[in-house]
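As a plain string of letters, each chain reads:
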Amino acid sequence: MSDPPIMGSTRVFFSPVSLMKKLYWNCRWQIWALLLPSQWRDIRTEGSGVVCRSSGWYPQPKAQWRDLQGKLLASASEEITPEANGLFQTEIAIVLTEESNQKMSCCVRNPRLNQERESVISIAEILRSDMESEKETLLSEWEGEKEALRSEMKRQKGEYEAVKVDVTLDPDTANPNLVLSEDRKRVRHGNWDPPNKSEGFDHYICVLGAEGFTGGRRYWEVGGKTGWYLGVCRESVSRKGKVTLRPEDGYWVVWLRGGVYQVLTSPSTSLPVSIRPGRVGIFLDYEVGEVSFYNVTDRSRLFSFTDTFSGTLRPYFRPGYYVSGTNAAPLKICPVPAQAGGNLGP
């Protein structure tokens, strides 16, 4: 003897919530967005979709979408799954487009009893609610972007208001192979001298700025060579023997060598530079923990280090080698224009 047919406790839920009161039975409706999950990847359409789910049926029900005239509408998918209690759940989906501005119904029928239940929905109301929801999302995203823009403008204002430092070179820190100008604004390679007992660097051919920074915002510009190492370092770094130029060891440095720009991180990072800078601007924000490098020529940012600073920081200069008749000019600290902030890129 066969089991008796069951009409099922049909549950229908509808989103958005504002339309739930308009349902006749408990059928569940859901709207899915244009970016459909993987199980819908074969649906090729523009617009949104509606899913009708109904559970508690026996035997397996038949679900259909119809327009107001009772004409069957093509479904995007249909699936019947068994439930734990031996009954069945049906799910049928249909694709909506911008032209779908009418009412439609989901009909679930018990084929043995030839009886059905129907729920009507207004497509125009769905799309209107969907548009309102999208509008709220866009407004929220716009507010987030506006706040990010405010933060960026505040940061740029801080860079513009940075103190333009009249940096000079400290001869006591210079490697013996370096020759400093009388005004201590330029440095070049000289004849090799053996390391002495001075306070200068004895392995790397570099020199520090005479000014030390323990806070605030500072900005200076350097130019004159086609090869260099520039940045800042801790005043306490060892000046004797070989050292590793990286933030972990107290150096925040960028180099130009052989036409290649690199950040001395671990490992090093190459920088794509389309326009070679005639000058490089170095911006230090001690409290924020930022060292930024700018291409003064096209007013773009080359790179920014972010870190936590302690102790005194000093400008770091290392003129590149004179190679095959190139890079012969001295590395020079350039006069900073009164409107140096205008040189800082976005």
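Worth saying up front: this structure is predicted, and the values here are computed from it rather than measured.

J.: I'd like a rundown of the nonpolar core, residues and numbers included.
T.: Counting residues in each nonpolar core, the largest one holds 33 residues, and the members touching the most others are W220, W228, L230, I282, V291, F293 and F317. In this structure, L230 is in contact with V222, W252, V253, V254, V280, I282, F293, Y316, F317 and L331, ignoring residues within four places of it in sequence.

J.: Give a detailed account of the environment of W65, specifying residues and quantitative values.
T.: With respect to the helices and strands, W65 occurs in strand β3 (residues 62-67). Here the alpha-carbon distance between W65 and S75, two residues 10 residues apart in the chain, equals 6.9 Å.

J.: Break down the pattern of salt bridges for me, citing the residues and quoting the values.
T.: Inspection of the entire model under this criterion finds 11 salt bridges. Across the pair E221 and R279 runs a salt bridge whose closest N-O atoms are separated by 2.9 Å. Placement of the pair is E221 in strand β13 (residues 217-223) and R279 in strand β18 (residues 279-285), with a sequence separation of 58 residues. Among the residues examined, E221 registers a relative accessible area of 1% and is labelled buried. A salt bridge links R301 to E290, with the shortest nitrogen-to-oxygen separation between them at 3.7 Å. Pair noted here: R301 is in strand β20 (residues 300-306) and E290 is in strand β19 (residues 290-295), with a separation of 11 residues, a long-range link. On the basis of relative accessible area, R301 is assigned to the partly exposed category, the value being 28%.

J.: Run through the sheet that holds strand β12 (residues 207-208), naming residues and quoting values.
T.: Strand order in the open sheet formed by 6 strands is β12-β21-β14-β15-β16-β17, and the pairing between neighbours is antiparallel. At either margin of the open sheet sits one strand with a lone partner, and together these are β12 and β17 (269-271). Bridge analysis of strand β14 (residues 228-234) against strand β21 (residues 313-319) gives 7 bridges, and the strand direction is antiparallel. If you follow G231 over to β21, its bridge partner there is Y316.

J.: Let's hear about the packing of aromatic side chains: which residues, and what values?
T.: Taken as a whole and judged by the stated rule, the model has 9 aromatic pairs. Considering the side-chain rings of W228 and Y261, the 6.1 Å spacing of their centres and the 65° angle between planes classify their relative orientation as edge-to-face. Pair noted here: W228 is in strand β14 and Y261 is in strand β16 (residues 260-263), with a separation of 33 residues, a long-range link. Each member of the pair W228 and Y261 is classed as buried. Relative to F305, the ring of F303 has its centre 5.0 Å away and its plane inclined at 80°; by these criteria the two rings are edge-to-face. Grouping aromatic residues by their ring pairs yields a cluster made of W252, Y286 and F309.

J.: Can you explain unusual backbone geometry? Please cite residues and give values.
T.: Going from Y58 to P59, the amide bond is cis rather than trans, its omega being -5°. For P59, the position within the fold is in the loop between β2 (49-57) and β3. For the bond from S266 to P267, the omega torsion is 0°, close enough to zero to count as cis. Its place among the elements puts P267 in the loop between β16 and β17. Even without glycine at this site, R184 takes up a positive phi of about 55°. Tracing the chain through its elements places R184 in the loop between β10 (178-180) and β11 (186-189). Using a relative accessible area of 40% as the deciding quantity, one classes R184 as partly exposed. Here the phi dihedral of R299 falls at roughly 60°; this positive angle occurs in a residue that is not glycine. A relative accessible area of 46% means that R299 is categorised as partly exposed.

About the criteria used
Residues numbered from 1 in each chain as written. Predicted model: local features only at pLDDT ≥ 70, side-chain atom pairs only at ≥ 80, totals over all residues. Heavy atoms only, no water. Core = buried A, V, L, I, M, F, W, Y, C linked by side-chain atoms within 4.5 Å. Buried < 20%, exposed > 50% of the residue type's maximum accessible area, 1.4 Å probe, protein only. Contact = heavy atoms within 4.5 Å. Helix = DSSP H or I, 4+ residues; strand = E, 2+ residues; numbered from the N terminus. Salt bridge = Lys/Arg side-chain N within 4 Å of Asp/Glu carboxyl O. Pairing = 2+ DSSP bridges. Phe/Tyr/Trp six-rings, centres within 6.5 Å; stacked < 30°, edge-to-face > 60°.

Any link to function would need more than the numbers given here.
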